[in-house]
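Summary of the model geometry
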Amino acid sequence: MNRIDQRFADLKAQGRRALIPYITAGDPAPAHTVDFMHALVRAGADIIELGVPFSDPMADGPVIQKACERALRHGVRLGHLFEMVREFRRDDAETPVVLMGYLNPVERFGFEAFADQASEAGVDGVLLVDMPPEEADLLGPVLESRGLSSIFLVAPTTSRARAATICAHGEGYLYYVSLKGVTGGAAADADDIAAHLAPLREMTDLPLCVGFGIRDGASAAAVGRVADGVIVGSALVSRIAENAERPEAIPAALEAVLGEMRQALDA
């Protein structure tokens, strides 16, 4: 059982919902990312999704696109993320870390080398937005052999047959995209989400976590009533952008946003 599975087992035993924040590694500068990760844990993060900067983040809206641009201006690459996770692990051996990004940087790095370094650094899972399960036969077994979970997305437009295929390949948790479109869009609709999660629960025992449209404590609480976890990205990344010239103020800003969500989920 890796850290992700253990964390969800602990949360289930406590009757709590997972809070999963996303930030882009290297935004606004690489030296601050590990401090931000620790701030997220202090605020109640159960799992951290660490974004891999990419020049064409097709699933992301303007907020995360600009975060990738800021990170890439500093030359942030996969190797730097492994260093960040390694540094994070010096003080936190328990919080699961998932690398979230796109397939191209991993292909260029090499599947075997990527899996080896990710595992050695202390990564627990990998979510590649543009890698469907039908094309995961090469990378999936490599990740599994290193104890890394392959995490997949399901969208509102996903057919039942395709959802079953995704569930069969998925590990760790299933990321349900609550909205059509990109990150940072409209607010999530808890009733609509509940209707889409119901058939997924018939297909898998994986925890069902919902991202896109989680903006504040109220939306986190509403979604948390129907899902096993909530994922928040743009609401945090926007705070980083607002304070990009004052990075020393960012940890407190992140803790304020995420802390409100933690309180709402636990209420």
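Residues numbered from 1 in each chain as written. Predicted model: local features only at pLDDT ≥ 70, side-chain atom pairs only at ≥ 80, totals over all residues. Heavy atoms only, no water.

L50, L200, L258 and M261 are the most contacted members of the largest nonpolar core, which totals 65 residues. Setting aside chain neighbours within four positions, we find L258 in contact with L19, P21, L40, A43, A45, V232 and L236. (Core = buried A, V, L, I, M, F, W, Y, C linked by side-chain atoms within 4.5 Å. Buried < 20%, exposed > 50% of the residue type's maximum accessible area, 1.4 Å probe, protein only. Contact = heavy atoms within 4.5 Å.)

What follows concerns the pairing of strand β7 (residues 208-211). Burial along β7 is two-sided: L208 and V210 and C209 and G211, pointing in opposite directions, are all buried. Here strand β6 (residues 174-177) runs beside β7; their pairing, made up of 4 bridges, is parallel. By the bridge assignment, Y175 is partnered in β7 with C209. As paired strands, β7 and strand β8 (residues 229-232) are joined by 2 bridges and run parallel to one another. Note that in β8 the partner of V210 across the bridge is V230. (Helix = DSSP H or I, 4+ residues; strand = E, 2+ residues; numbered from the N terminus. Pairing = 2+ DSSP bridges.)

A word on the pattern of salt bridges. All chains considered together, the criterion is met by 13 salt bridges. Note that E134 is salt-bridged to R162, the shortest N-O span being 2.4 Å. Highlighted residues: E134 in the loop between β4 (125-128) and α7 (139-145) and R162 in helix α8 (residues 160-169), separated in sequence by 28 residues. Judged by its relative accessible area of 42%, E134 falls in the partly exposed class. The closest approach of N and O atoms between D266 and R262, which form a salt bridge, is 3.1 Å. Taken together, the positions of D266 and R262, both in helix α12 (residues 250-266) and 4 residues apart, correspond to about one turn of that helix. Residue classification places D266 among the partly exposed positions, given a relative accessible area of 39%. Its relative accessible area of 7% is what places R262 among the buried residues. Through salt bridges with shared partners, one network takes in R16, D46, R262 and D266. (Salt bridge = Lys/Arg side-chain N within 4 Å of Asp/Glu carboxyl O.)

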